[in-house]
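# Coordinate analysis (summary)
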Amino acid sequence: MATVYSDERANDVAVPPVPNTTNKAGRVLRKYFSVASTTATPITTADTVELCKLPVNARVVGGRIVFGAMGGTATAALGVAGATGKYLAATSVVGAGQSSFADTNALNFGDVLAAETAIILTPAGSNYASGQYVKGYVEYISAGE
């Protein structure tokens, strides 16, 4: 039987060894975010909500979002400018709940950011109810932050 190596382990056993990029080993960091929909500052379907910024060469390895009951037909998508559902396709936030994101191949687990990038929430369906919140974090492997 053959020994099959991961991409990273193949670099280790190569002759000469090939260094792995810095975002394949190291500390996993979390960037926390929170935003409230209020009567003074409502979150509407016309908005783009910037949750946090990740540094260049960060490797996204998951996250979690927790939300209050936004009501109506409200949905939320998580992603980046130009790809609003990159990490979480539109998911219902009508009732209070939670969801993981960027945790499958389809949701771009392991994505490496070529530039400093804002993680955004895109509301749709209906405006978010007042007095409700969105909280969470995104996990990434640091490339030297």
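Our subject is the structure that appears above.
Residues numbered from 1 in each chain as written. Predicted model: local features only at pLDDT ≥ 70, side-chain atom pairs only at ≥ 80, totals over all residues. Heavy atoms only, no water.

## Focus: the overall build of the protein chain
Helix and strand content of the protein chain: 1 helix and 8 strands. Traced from its N-terminal end to its C-terminal end, the protein chain shows the element sequence α-β-β-β-β-β-β-β-β. Principal-axis analysis of the C-alpha atoms places the extent of the protein chain at approximately 65 × 35 × 25 Å. Counting all 145 residues of the protein chain, 36% fall into the buried class. The contacts in the protein chain between residues at least 6 apart in sequence include a share of 76% that link residues at least 24 apart. Roughly 7800 Å² of accessible area belongs to the protein chain as shown, and the carbon and sulfur atoms make up 55% of that amount. (Helix = DSSP H or I, 4+ residues; strand = E, 2+ residues; numbered from the N terminus. Buried < 20%, exposed > 50% of the residue type's maximum accessible area, 1.4 Å probe, protein only. Contact = heavy atoms within 4.5 Å. Areas by Shrake-Rupley, 256 points an atom, 1.4 Å probe, with all protein chains shown as cover.)

## Details of the sheet that holds strand β7 (residues 117–124)
One open sheet accounts for 4 strands, arranged β2-β7-β4-β5; its pairing is antiparallel. Looking at which strands have only one partner, the edges of the open sheet turn out to be β2 (49–54) and β5 (83–92). For this sheet, the mean angle separating the axes of adjacent strands, direction not counted, is 20°. Summarising the sheet, strand β4 (residues 75–80) and β5 pair through 4 bridges and their orientation is antiparallel. Each residue of the ladder has a partner; that of V80, found in β5, is A83. (Pairing = 2+ DSSP bridges. Axes fitted to C-alpha atoms, helices over the stretch in contact; angles between N-to-C directions.)

## Let's talk about the nonpolar core
In terms of nonpolar packing, the biggest core is built from 28 residues, with L54, I65, Y87, F101, L121, Y128 and V134 touching the most fellow members. When residues of this core are traced back to their parent elements, those giving at least two are β1 (28–37), β2, β3 (59–67), β4, β5, β7 and β8 (132–141). Non-local contacts of Y87, meaning those with residues more than four positions away in its chain, are made with V60, L78, G79, V80, F101, A102, L107, N108, D111, L113 and I119. (Core = buried A, V, L, I, M, F, W, Y, C linked by side-chain atoms within 4.5 Å.)

## Overview of the environment of V112
Tracing the sequence through the fold places V112 in the loop between β6 (97–101) and β7. The spatial distance from the C-alpha of V112 to the C-alpha of A129 is 34 Å, given a sequence separation of 17 residues. If we skip the residues at most four places from it in the chain, V112 touches N23, N57, A58 and R59.

## Considering the packing of aromatic side chains
Taken as a whole, this structure holds 0 aromatic pairs when the rule is applied. Sitting over the face of the ring of Y133, K135 holds its NZ or CZ atom 5.1 Å from the ring centroid. (Phe/Tyr/Trp six-rings, centres within 6.5 Å; stacked < 30°, edge-to-face > 60°. Lys NZ or Arg CZ within 6 Å of the ring centre and 35° of its normal.)

## Quick word on the side chain of T117
In this fold, T117 is placed in strand β7. By relative accessible area, which is 16% here, T117 ends up buried. At 2.7 Å, the side chain of T117 and the backbone oxygen of A115 are in polar contact. If we ignore the near neighbours within four places in the chain, the residues touching T117 are C52, K53, L54 and V80. (Polar contact = N/O pair within 3.5 Å; in protein donor to acceptor, adjacent residues only side chain to side chain.)

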